[in-house]
Amino acid sequence: MTRLTRITSLMIALLPLPALAEIQLMPGACVNVQAVQGSEQTASSGQPLTLPDGTQQLVVECTTEVGREETRETSDAFVFRFSAGDAELRLRAPKIETRNEMASFNQQGSWQLTDDQGRAVAFTTDVLEKEGFQLVRDYPRELAAYNRSRTIAELKLTSDGVLPDSPADGDQEMVGRMLRYWYLKADEQTRKEWSSWVDSSNR
């Protein structure tokens, strides 16, 4: 090995390696993550969760004390889906102090997902319905059944459980799913009005 070759090799070895792109998700107060990508994986308030870049599907809940008696209650479980890359995100729920506020949260799913600059990040949510009486919930099994039902926050997995490649614009994928979801929910008159509006917008 020549002197020049040794110097070149040393310089290459000293170059910093590029950081692996990943998502750092920080759950806010009351937030509990119960499953990630169909597997049981938990994190609670203040415990950062490291995720690979791409489309994510989580099961999340909010557990807090409500009422004068400060009874500890847990919200419905929500399927929470978003797409991101190389980002630091924070997942929050609104402050919940009463049973009415908890009931409203269960109905509206008013979660907040923001980046490290405080900017909102697009996401979809849906309630993961509880199947009868359960002392302990099996979130991976419930999520698999939920995904088969093809609802708004659906996320198809390949046969080996790996996420398919997300499109270049993940936000637009979610917009498309939401539009299809609400179109199928609408009655015939609303669909006609929607189609008329789309036609007029394209002229």
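Structure shown above.
S.K.: Tell me about the packing of aromatic side chains, and name the residues and values.
M.R.: Taken as a whole and judged by the stated rule, the model has six aromatic pairs. Ring geometry for Phe105 against Trp111: centres 5.0 Å apart, planes inclined by 65°, an arrangement best described as edge-to-face. For Trp111, a relative accessible area of 5% corresponds to the buried category. The structure contains a cluster of three or more aromatic residues connected by ring pairs, namely Phe78, Phe80, Phe82, Phe105, Trp111 and Phe123.

S.K.: How would you sum up the pattern of salt bridges? Please name residues and give values.
M.R.: By the definition in use, this model includes five salt bridges. As a salt-bridge pair, Glu73 and Arg99 come within 3.0 Å of each other at their nearest N and O atoms. Highlighted residues: Glu73 in strand 6 (residues 71-74) and Arg99 in helix 2 (residues 99-108), separated in sequence by 26 residues. For Glu73, a relative accessible area of 22% puts it in the partly exposed group.

S.K.: Which residues make up helix 2, and what are the values?
M.R.: If you check which residues of helix 2 are buried, you get Met102, Phe105 and Asn106. Buried residues in helix 2, looked at end-on, bunch into an arc of 100°, giving them a common side. Residues Asn100, Gln107 and Gln108 are exposed on helix 2 and point more than 90 degrees away from its buried face. On its buried face, helix 2 is in contact with strand 5 (54-66), strand 6, strand 7 (78-84) and strand 10 (124-127). At the exit of helix 2 stands Gly109, carrying a positive phi of roughly 55°.

S.K.: Summarise the pairing of strand 5; cite the residues concerned and give the values.
M.R.: Burial of strand 5 is extensive: 12 of the 13 residues sit out of reach of the surface. Bridge count for strand 2 (residues 31-36) against strand 5 is five bridges, and the pairing is antiparallel. Looking at the pairing, Val31 lines up with Cys62 of strand 5. Note: strand 5 against strand 6, four bridges, orientation antiparallel. Residue pairing in the sheet places Glu65 in a bridge with Arg72 of strand 6. As consecutive antiparallel partners, strand 5 and strand 6 are separated by four residues, and within that stretch Gly67 has a phi angle of approximately 75°, a positive value.

S.K.: Tell me what's going on with a negative patch on the surface, and back it up with residues and numbers.
M.R.: Together, Glu22, Asp53, Asp86, Glu88 and Asp116 make up a region of like negative charge exposed at the surface. Position of Glu22 relative to the elements: it lies in strand 1 (residues 22-27). Here Glu22 falls in the partly exposed class, since its relative accessible area comes to 32%.

S.K.: Please provide a residue-by-residue account of the state of the cysteines, values included.
M.R.: Note on terminology: disulfide describes a covalent bond linking the sulfur atoms of two cysteines. Counted according to the given criterion, the structure contains one disulfide. One disulfide bridge connects Cys30 with Cys62, the sulfur atoms lying 2.0 Å from each other. Between Cys30 and Cys62, the disulfide has an S-S torsion of -115° and is therefore left-handed. Of this pair, Cys30 sits in the loop between strand 1 and strand 2 while Cys62 sits in strand 5, placing them 32 residues apart in sequence. Assigned by exposure class, Cys30 and Cys62 land together as buried.

Rules used throughout
Residues numbered from 1 in each chain as written. Predicted model: local features only at pLDDT ≥ 70, side-chain atom pairs only at ≥ 80, totals over all residues. Heavy atoms only, no water. Phe/Tyr/Trp six-rings, centres within 6.5 Å; stacked < 30°, edge-to-face > 60°. Buried < 20%, exposed > 50% of the residue type's maximum accessible area, 1.4 Å probe, protein only. Salt bridge = Lys/Arg side-chain N within 4 Å of Asp/Glu carboxyl O. Helix = DSSP H or I, 4+ residues; strand = E, 2+ residues; numbered from the N terminus. Arc of directions from axis to C-beta. Contact = heavy atoms within 4.5 Å. Pairing = 2+ DSSP bridges. Patch = residues over 30% accessible without salt bridge, like charges linked within 9 Å, V, L, I, M, F, W, Y side chains within 5 Å. Areas by Shrake-Rupley, 256 points an atom, 1.4 Å probe, with all protein chains shown as cover. Lys, Arg positive; Asp, Glu negative; His and termini not counted. Charge placed at Lys NZ, Arg CZ, Asp CG, Glu CD. Disulfide = S-S within 2.5 Å.

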